[in-house]
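Here are the chains, one letter per residue:
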Amino acid sequence: MEEHHEKFVEVRVVTTSGIYPEAGFDRVPEHQVVDVVLKKADHHLHITNTAGWIAVVGGRKIDIARSYRENALAGRVEIDWGPDHGAGGYA
């Protein structure tokens with residue numbers, strides 16, 4: 001029989017309303033979609049409107065409907081979650 005060893009990531013969400021969890025990181029399965037922890041942060045921090053918000057890790061926008069693994073995230077992950085200010089201007 002093949003043993004299944006589930007892999008985890010440690011995640012923290014940073015917003016202008018605060019940080020979730022307040023201390024440390026949440027340990028979650030790497031196959032879990034990112035939106036699950038964002039909903040927990042939303043509830044815990046009493047955020048009233050997250051419409052149009054984006055999640056960014058290491059300067060890269062991630063897809064919150066995908067798992068940590070699908071977003072190529074592992075280990076300790078700090079998600080900056082907030083309004084999309086757009087790039088603006090011209091290059």
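Residues numbered from 1 in each chain as written. Predicted model: local features only at pLDDT ≥ 70, side-chain atom pairs only at ≥ 80, totals over all residues. Heavy atoms only, no water.

> What exactly am I supposed to notice about unusual backbone geometry here?
Note on backbone geometry: most residues besides glycine have negative phi, and most peptide bonds are trans. The omega angle of the peptide bond from Tyr20 to Pro21 is -10°, so this bond is cis rather than trans. In this structure, His46 is a non-glycine residue whose phi angle is positive, near 55°. If you trace the backbone, His46 turns up in the loop between helix H1 (35-45) and strand S4 (53-57). Here His46 falls in the exposed class, since its relative accessible area comes to 67%. The phi torsion at Ala72 lies on the positive side, around 60°, for a residue other than glycine. Tracing the backbone through its elements, the reader meets Ala72 in the loop between strand S5 (60-62) and strand S6 (76-83). (Helix = DSSP H or I, 4+ residues; strand = E, 2+ residues; numbered from the N terminus. Buried < 20%, exposed > 50% of the residue type's maximum accessible area, 1.4 Å probe, protein only.)

> Can you walk me through the confidence of the model for the protein in this structure?
Do not read the predicted coordinates in detail wherever pLDDT is low. Of the residues in the protein, 89% reach a pLDDT of 70 or more, and the chain-wide mean stands at 91. Considering each helix and strand of the protein separately, the mean pLDDT is smallest for H1, with a value of 96, and largest for strand S1 (residues 8-15), with 98. (pLDDT = per-residue confidence, 0-100.)

> Whenever I open this one, H1 confuses me. Can you help?
Along an α-helix, residues three or four apart share an orientation, since each turn contains 3.6 residues. Within H1 the residues assigned to the buried category are Val37, Leu38, Ala41 and Leu45. Summarising the axial view, the buried residues of H1 lie within an arc of 100°, below the 170-degree limit, and thus occupy one face. Opposite the buried face of H1, by more than 90 degrees, sit the exposed residues Lys39 and His43. At the exit of H1 stands His46, carrying a positive phi of roughly 55°. (Arc of directions from axis to C-beta.)

> Explain the packing of aromatic side chains to me, please; I cannot follow it from the model alone.
A full pass over the atoms with the stated rule returns one aromatic pair. Measuring from ring centre to ring centre gives 4.9 Å for Trp53 and Trp81, while their planes differ by 80°; the resulting arrangement is edge-to-face. Highlighted residues: Trp53 in strand S4 and Trp81 in strand S6, separated in sequence by 28 residues. With relative accessibility at 16%, the residue Trp53 sits in the buried group. Under the relative-accessibility criterion, Trp81 is labelled buried at 7%. Geometry around Phe25 places Arg12 over its ring, the cationic atom sitting 4.1 Å from the centre. Over the ring of Phe8 we find Arg27; its NZ or CZ atom is 3.8 Å from the centre of that ring. (Phe/Tyr/Trp six-rings, centres within 6.5 Å; stacked < 30°, edge-to-face > 60°. Lys NZ or Arg CZ within 6 Å of the ring centre and 35° of its normal.)

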